[in-house]
Amino acid sequence: MSDAPDSLIPYDEIVQEALRAVVGRVLGEVAAGGGMLPGTHHFYITFKTGAPGVDIPQRLRERFPDEMTIVLQNKFWDLKVEEDQFSVGLSFNQIPSTLVIPFSAITAFVDPAVDFGLQFQAVVDDEAEPVEPAENDSPEQADTPAVERTEDGSNVVTVDFGKKK
């Protein structure tokens, strides 16, 4: 056990905010490039559906009451990135939908093409439940989301600032 005092500086919040800014910058570059992903890049983005500012169709909120993962790969449109959120058009069971997702709601961002991933502390729950992919209409969605790729030597960054007592 460590007898280190609790920090009065919120390092965990500062780091989480900075890593979410990475997601914003990556999505912003894709949007600035006309919404086309370069090469084989594609993204799995997991977010809390009940987080403040999340705007998704009610049918999706009912199906994914806690968390969902979307895939940005071949069939998405109108990607718009703002300072604190992004919006994107996706199709779910052939029904076009627009999703608005604040960066603060994101719990994971993965680009399996280059084994890169970021995982964020869940703001609401201490105990994570398995996440069912959102099944947006993407031809390669059968691949399982690579949100938990820490054992294969990939570049997943997990930040956990649990207090030691």
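Once a new chain begins, its residue numbering starts again from 1 and follows that chain's sequence as written. Local features are withheld for residues below a pLDDT of 70 in this predicted model, meaning they are given only at 70 or higher, and side-chain atom pairs are given and counted only at 80 or more; totals for whole chains, interfaces and linings count all residues. Calculation of side-chain values draws on the structure's entire complement of heavy atoms; hydrogens and water are dropped beforehand.

## Focus on the packing of aromatic side chains
Okay, step 1: Pairing of aromatic side chains here covers Phe, Tyr and the six-membered ring of Trp, requires ring centres within 6.5 Å, and sorts the geometry by plane angle: under 30 degrees stacked, over 60 edge-to-face, intermediate tilted. Following the criterion strictly, the structure yields 2 aromatic pairs and no others.
Okay, step 2: When the centroid spacing of 5.0 Å and the interplanar angle of 35° are considered together, the rings of Phe43 and Phe109 count as tilted. Of this pair, Phe43 sits in strand S1 (residues 43-48) while Phe109 sits in strand S6 (residues 106-111); the two residues are 66 residues apart in sequence, bridging distant segments of the chain. The way it works is that DSSP assigns letters per residue, a run of H or I at least four long becomes a helix, a run of E at least two long becomes a strand, and they are numbered from the N terminus.

## Quick word on the confidence of the model for the chain
Okay, step 1: Every residue carries a pLDDT, the predictor's confidence in it, which falls somewhere between 0 and 100. Of all residues in the chain, 71% have pLDDT values of 70 or greater, and the mean over the chain is 81.
Okay, step 2: This stretch, residues 124-128, has a pLDDT under 50; its non-local contacts, to residues over four places away or in other chains, come to 2 contacts.
Okay, step 3: We call two residues contacting when some pair of their heavy atoms lies within 4.5 Å. Note on residues 140-155: pLDDT under 50 across the span, and 28 contacts to partners over four residues away in sequence or across chains.

## As for helix H1 (residues 11-32)
Okay, step 1: The first and last C-alpha atoms of H1 sit 31 Å apart over 22 residues, in line with the 32 Å expected at 1.5 Å per residue.
Okay, step 2: Any residue under 20% of the maximum accessible area for its type is buried, any over 50% is exposed, and the rest in between are partly exposed; the area is computed with a 1.4 Å probe on protein chains only. For H1, the full list of buried residues reads Gln16, Leu19, Arg20, Val23, Gly24, Leu27 and Val30. In an axial view of H1, the angular spread of the buried residues amounts to 155°, which keeps them on one side of the axis. Those residues of H1 that are exposed and angled more than 90 degrees off the buried face are Glu17, Arg25, Glu29 and Ala32. What a helix should span is 1.5 Å times the count of its residues minus one. In this description, the arc belongs to the directions extending from the helix axis to the C-beta atoms.

## As for the sheet that holds strand S5 (residues 95-102)
Okay, step 1: Only strands joined by at least two bridges in the DSSP assignment are considered to pair. Strands sit in the order S3-S4-S5 across an open sheet of 3 strands; the sheet is antiparallel. Only two strands of the sheet have a single partner each, and these edge strands are strand S3 (77-81) and S5. Direction aside, neighbouring strands of the sheet carry axes that sit 20° apart on average.
Okay, step 2: Examined bridge by bridge, strand S4 (residues 85-92) and S5 share 8 bridges and lie antiparallel to one another. Axis lines are fitted through C-alpha atoms, for helices just across the contact stretch, and the angle between N-to-C directions can take any value from 0 to 180 degrees.

## Observations concerning unusual backbone geometry
Okay, step 1: Located in the positive-phi region is Asp78, a residue other than glycine, with phi close to 50°.
Okay, step 2: Summarising the element assignment, Asp78 is placed in strand S3.
Okay, step 3: Even without glycine at this site, Asp115 takes up a positive phi of about 50°.
Okay, step 4: One can find Asp115 in the loop between S6 and strand S7 (116-119).

## Focus: the pattern of salt bridges
Two side chains bearing opposite charge may form a pair once their charged atoms approach each other closely.
Okay, step 1: We define a salt bridge as a contact between a side-chain nitrogen of Lys or Arg and a carboxyl oxygen of Asp or Glu at a distance within 4 Å. Here the structure, examined in full by the defined rule, presents 3 salt bridges.
Okay, step 2: Three or more residues joined by partner-sharing salt bridges are found here, namely Lys48, Asp66 and Glu67.

## Considerations on the environment of Gly35
Okay, step 1: Along the chain, the position of Gly35 falls in the loop between H1 and S1.
Okay, step 2: A relative accessible area of 18% places Gly35 in the buried class.
Okay, step 3: In the structure, Gly35 is positioned 53 residues away from Val88 in sequence and 9.9 Å away in space, judged by C-alpha atoms.
Okay, step 4: The residues contacting Gly35, other than those within four sequence positions of it, are Val30 and Phe76.

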